[in-house]
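Analysis of the macromolecular model
Chain residues, written in single-letter form:
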Amino acid sequence: MQALWMLAASLFFATMAVCVKIASASFSASELVFWRGLIGMAVMAAWARSQGTSLATHYPGMHAWRSLVGVLSLGAWFYAIAGLPLATAMTLNYMSSVWIAAFLVGGALIAWNPRSGAPLPGRQGTLALTVLAGFAGVVLMLRPTMEQHQVFAGLVGLLSGLLSAFAYLQVMALGKIGEPEVRTVFYFALGSALAGGIGMLAGGVSPWNWGSALWLLPIGLFASLGQWCMTRAYSHGATLVVANLQYSGIVFGALYSVLLFAERIPLAGWAGMALIVASGVAATVLRARAAPDAPAEEH
């Protein structure tokens, strides 16, 4: 059942991305982030109430930092979804595990003193290969699928994965001090609504069209359902099978991309996606050895 819950979560997150892509034709990234946050707040508040969990926290600073980084990642991802093929934007956002592996390799290199004569830990070589494979997959994906006017959106998509890695590290820190996940997700939704509102004040509000606005509701609902299913998947411990099934979101994104948006993915693009999935799985396995009870990643 844990595996099925994770597959359902990945499907919900991919479906949310479809709604974002459709709604992005009528609304800016700031507006999408605002409505995603506002609806998410309502759902998470109801969820917390049903569980008898208080939303009051003793760690407002940690939640503020997690929300800031998470909102930047979410906004970058929504921007990439609007400007790139859906499969490409989905895959770039799932690069967070590879970025975390890159952080670990970089930290080991900084701490290593070659004059001491001590070799680098053996795991660092495996991590380095994982990182290189992930970025080779990015090159394969972006070269065949990206038009000249999509270069900036591609860079923003990469940034969304990088920022998602930073946000995930903060989620891990909140989990270690005992913050319930529903509370962490609620404050992330609150930060999204505030940041999106500020963006709307600065950039203006798009003309309201009920036909387009109907897509805003499922963005928040599918995101909340995805988070709920992911929590259920991890409720009995973060097994490697469950953790790695999150990458099925890339597969769902690719199917949506081809079937709903008639976006052609060349053979090199499929190869790049496979490389990124493989490197993400490897990075998740290596990360699980260091943090066996790590929480789920959010998308």
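Below: a short report on this structure.

Definitions and limits used
- Residues numbered from 1 in each chain as written.
- Predicted model: local features only at pLDDT ≥ 70, side-chain atom pairs only at ≥ 80, totals over all residues.
- Heavy atoms only, no water.
- Phe/Tyr/Trp six-rings, centres within 6.5 Å; stacked < 30°, edge-to-face > 60°.
- Helix = DSSP H or I, 4+ residues; strand = E, 2+ residues; numbered from the N terminus.
- Buried < 20%, exposed > 50% of the residue type's maximum accessible area, 1.4 Å probe, protein only.
- Patch = residues over 30% accessible without salt bridge, like charges linked within 9 Å, V, L, I, M, F, W, Y side chains within 5 Å.
- Areas by Shrake-Rupley, 256 points an atom, 1.4 Å probe, with all protein chains shown as cover.
- Salt bridge = Lys/Arg side-chain N within 4 Å of Asp/Glu carboxyl O.

Our next topic: the packing of aromatic side chains. The full count for this structure, using the stated rule, is ten aromatic pairs. Geometrically, the ring pair formed by Trp 5 and Trp 228 is edge-to-face, given 5.2 Å between the ring centres and 85° between the ring planes. Taken together, the residues span a long stretch of sequence, with Trp 5 in helix α1 (residues 2-23) and Trp 228 in helix α10 (residues 216-233) at a distance of 223 residues. Among the residues examined, Trp 228 registers a relative accessible area of 31% and is labelled partly exposed. Look at Phe 12 and Phe 222: their rings are 5.9 Å apart centre to centre, the planes differ by 25°, and that puts the pair in the stacked class. Pair noted here: Phe 12 is in helix α1 and Phe 222 is in helix α10, with a separation of 210 residues, a long-range link.

Take a nonpolar patch on the surface next. On the surface, a cluster of nonpolar side chains totalling about 580 Å² of accessible area is made up of Val 251, Leu 255, Val 258, Leu 259, Leu 260 and Trp 270. Here the nonpolar patch takes five residues from helix α12 (residues 248-261), the largest share from any one element. Position of Trp 270 relative to the elements: it lies in helix α13 (residues 267-290).

Summed over all chains, the structure comprises two salt bridges. Between Glu 263 and Lys 21 there is a salt bridge; the shortest N-O distance is 3.9 Å. Taken together, the residues Glu 263 in the loop between α12 and α13 and Lys 21 in helix α1 connect sequence positions 242 residues apart. Since its relative accessible area comes to 16%, Glu 263 is described here as buried.

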